[in-house]
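Survey of secondary and tertiary structure
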Amino acid sequence: MTNATAPTAATAVTDPDDPVRERLRRWRLVLGGEQADGTGCALSGRDAAMDATLAALYGKGDKAQSGRERTAGLGASAPSVARWLGDIRTYFPSSVVQVMQRDAIDRLGLAALLLEPEMLEAVEADVHLVGTLLSLNKAMPETTKETARAVVRKVVDDLEKRLATRTRATLTGALDRSARVSRPRHHDIDWNRTIAANLKHYLPEYRTVVPERLIGYGRAARSVKKEVILCIDQSGSMAASVVYASVFGAVLASMRSIGTRLVVFDTAVADLTDQLDDPVDVLFGTQLGGGTDINRALAYCQSRISRPAETVVVLISDLYEGGIRDEMLKRVAAMKASGVQFVTLLALSDEGAPAYDREHASALAALGAPAFACTPDLFPEVMAAALEKRPLPIPDTA
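First things first, this report covers the structure right here in the doc. (Residues numbered from 1 in each chain as written. Predicted model: local features only at pLDDT ≥ 70, side-chain atom pairs only at ≥ 80, totals over all residues. Heavy atoms only, no water.)

**Describing the sheet that holds strand β7 (residues 226–233)**
Each strand in a sheet pairs with another by means of backbone hydrogen bonds, the pair being arranged parallel or else antiparallel. Quick reminder of the rule: The rule for pairing is simple: two strands pair if DSSP sees at least two bridges between them. Here a helix means four or more residues in a row that DSSP labels H or I, a strand means two or more in a row labelled E, and each is numbered from the N terminus. Simply put, an axis is a line fit to the C-alpha atoms, just over the touching stretch for a helix, and the angle between two N-to-C directions goes from 0 to 180 degrees.
What the six strands build is an open sheet, ordered β9-β8-β7-β10-β11-β12; its pairing is mixed. Each of the sheet's edge strands pairs with one partner strand only, and the pair in question is β9 (269–271) and β12 (371–374). Sheet twist, expressed as the mean angle between neighbouring strand axes with direction ignored, is 25 degrees. Two strands pair when backbone bridges link them, and β7 and strand β8 (residues 258–265) are joined in this way by eight bridges, in the parallel orientation. Residue pairing for β8: E227 is matched across the bridge by G259.

Structure representation (structure tokens):
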């Protein structure tokens, strides 16, 4: 009696309902190789085409190409790359396509091809692609710039749709709570604080509290109540953070009660506040790469603070300082002593734990400004806590 679960050599896997064969098929796609790396399974049709797209990117470049053996490389031909980009969009979901595009740019040096309009039209737009385009901005020919702006615009618009509503709602609530009033309208009463303040007026026979003093939320005024300065490191490693911070900067600038300033820096400092109505203009005003002078950037921010007690400074940087370290720390200490809420984000992205200067992070933590990575979804909560001057919701992974 034969064992039905043991396929013969080079068995074509065509039955997805057979769990054993399906498992072998998946291993074959993961491992690649002409001899199926011991799986004994051959691929055909769509599976073979998927394997070819994977082989072009993740193949073994140290072996001579032979038969179906994986070998890395898409060649330098734009048409071949365009076909490959079309193939991966055919065979894989959008989230996987974005990862494969990112790997292709890093592993196979395809960044230069993104300077061609037809390439930009073929790629799946995401935050990482925007970062790559921004790093190529100065080398981009005029024929490509409009296409690049359209790609960046699509990503920015998608991010604004996802992040703007929650950000405005969260920060409006924080601004309201920061201005308590003693004669609130009924729908503005803060019942938790009102009950806590009137517990001494509890009537046991009626099992109720008689509130003699009402505490309510203040309504956000039309005048500026808080100042926010976003100070963003535009070194190459911070590309995704620059994209997200520019979007959040535009959202904050749209709120009347928050005065928003956006400052980007490398070894020089650029104030892009006047471009905040369009985050795409902000992004094309940055220049990813170069050195870092955090001290100079903070000196500029410090010079623009007029109401320290109502100001939040958000430094977004990996803290690899090329300027004067001790002066940087003194500036942070001075701002905090004057009443400024100082927030240090090592990254504003979904990329996970970033590389950063741990010595500088520890020094800032000792000053009461702990440094941590922040996802875009957490950023509104971080800003709300800073505006209300309460402890920041630092992630456990920090």
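**A word on the pairing of β7**
What counts, and what does not: Classification of residues uses two cut-offs on accessible area relative to the type maximum, computed with a 1.4 Å probe and protein chains only: under 20% is buried, over 50% is exposed, and between them is partly exposed.
The buried count for β7 comes to seven of eight residues, which makes it a mostly enclosed element. Summarising the sheet, β7 and strand β10 (residues 311–316) pair through six bridges and their orientation is parallel. Bridge pairing in β10 links I232 to I316.

**Overview of the packing of aromatic side chains**
Cut-off, in case you're wondering: Any Phe, Tyr or Trp ring, taking Trp's six-membered ring, that has another such ring centre within 6.5 Å forms a pair; planes under 30 degrees apart are called stacked, those over 60 apart edge-to-face, and the others tilted.
Per the stated rule, a full pass over the model turns up one aromatic pair. Consider the rings of F248 and F379, whose centres lie 4.5 Å apart with planes at 40 degrees: the pair is tilted. With a gap of 131 residues between them, F248 in helix α9 (residues 239–253) and F379 in helix α14 (residues 379–388) connect regions that are remote in the sequence. Here the two residues F248 and F379 agree in accessibility, since each one is buried.

**A word on the nonpolar core**
We apply this condition: We call a set of buried residues a nonpolar core when its members are Ala, Val, Leu, Ile, Met, Phe, Trp, Tyr or Cys and they connect through side-chain atoms within 4.5 Å of each other. Residue contacts are counted whenever heavy atoms from the two residues lie within 4.5 Å of one another.
Ranked by internal contacts, the top residues of the largest apolar core, which has 77 residues, are L133, V314 and F379. For this core, the element with the most residues is helix α7 (residues 142–177), which contributes ten residues. Dropping the residues within four chain positions of it, V314 is found in contact with I229, L230, C231, V343, L345, F379 and M383. In terms of nonpolar packing, the next biggest core, distinct from the first, is built from 25 residues, V340, F342, A361 and A369 among them.

**Side note on the packing of helix α2 (residues 45–58) against helix α4 (residues 94–108)**
How we decide: Only Asp, Glu, Lys and Arg are considered charged in this grouping, and only Ala, Val, Leu, Ile, Met, Phe, Trp, Tyr, Cys and Pro are considered nonpolar; every other residue, Gly among them, is considered polar.
The geometry of α2 relative to α4 is characterised by a closest axis approach of 9 Å and an angle of 35 degrees between their N-to-C directions. Residues T53, L54, A56, L57 and Y58 of α2 form the contact with α4, whose participating residues are V99, M100, D103, A104, R107 and L108. Residues of the contact of α2 with α4, tallied by class, amount to eight nonpolar, one polar and two charged.

**Focus: the side chain of D266**
The line we're drawing: Charged residues are defined narrowly, with Lys and Arg counted positive, Asp and Glu counted negative, and His plus the chain ends left uncounted. By convention in these notes, a salt bridge is any Lys or Arg side-chain nitrogen within 4 Å of a carboxyl oxygen on Asp or Glu. Here a polar contact is taken to be a pair of N or O atoms separated by no more than 3.5 Å, where protein atoms must pair a possible hydrogen donor with a possible acceptor and residues adjacent in sequence count only if both atoms sit in side chains.
Position of D266 among the secondary structure elements: in the loop between β8 and β9. R296 provides the closest opposite charge to the buried, unpaired D266, separated from it by 7.6 Å. In this structure the side chain of D266 is engaged in a polar contact, spanning 3.2 Å, whose partner is the side chain of Q234.

**Topic: the pattern of salt bridges**
Across all of its chains, the model carries 13 salt bridges by this definition. The partner of K154 in a salt bridge is D158, with the nearest N and O atoms 3.4 Å apart. Of this pair, K154 and D158 are both found in helix α7, four residues apart, which corresponds to roughly one turn of the helix. Take K154: its relative accessible area is 47%, and that puts it in the partly exposed class. R325 is paired through a salt bridge with D326; the nearest N and O atoms lie 3.5 Å apart. On the accessibility criterion, D326 (47% relative accessible area) is partly exposed. Among the charged side chains, a salt-bridge network with shared partners connects R325, D326 and E359.

**A short note on the layout of surface pockets**
Convention followed: Space inside and on the surface of the protein is sampled on a 1 Å grid over the protein atoms alone, with a cavity defined as a set of points where a 1.4 Å probe fits but cannot get out and a pocket as an open set with protein on both sides within 12 Å along at least 5 of 7 lines; lining residues have an atom within 4 Å of a point. Grid points are joined across faces, edges and corners, and a volume is the space filled by probe spheres set on the points.
By volume, the largest pocket amounts to about 330 Å³. Around the largest pocket, the lining comprises 21 residues; the ones closest to its centre are D106, H128, G131, T132 and A239. Among the secondary structure elements, those contributing two or more residues to the lining of the largest pocket are α4, α6 (127–135) and α9. If one sorts the elements of the lining of the largest pocket by residue count, α6 sits on top with six residues.

**Observations concerning the state of the cysteines**
Heads up, the condition is: For the purposes of this analysis, a disulfide is any pair of cysteine sulfur atoms at a distance within 2.5 Å.
All chains considered together, the criterion is met by zero disulfides. Sulfur of C301: no disulfide; nearest cysteine sulfur belongs to C231 and is 3.7 Å away.

Without other data, these values stay purely geometric and don't point to any function.
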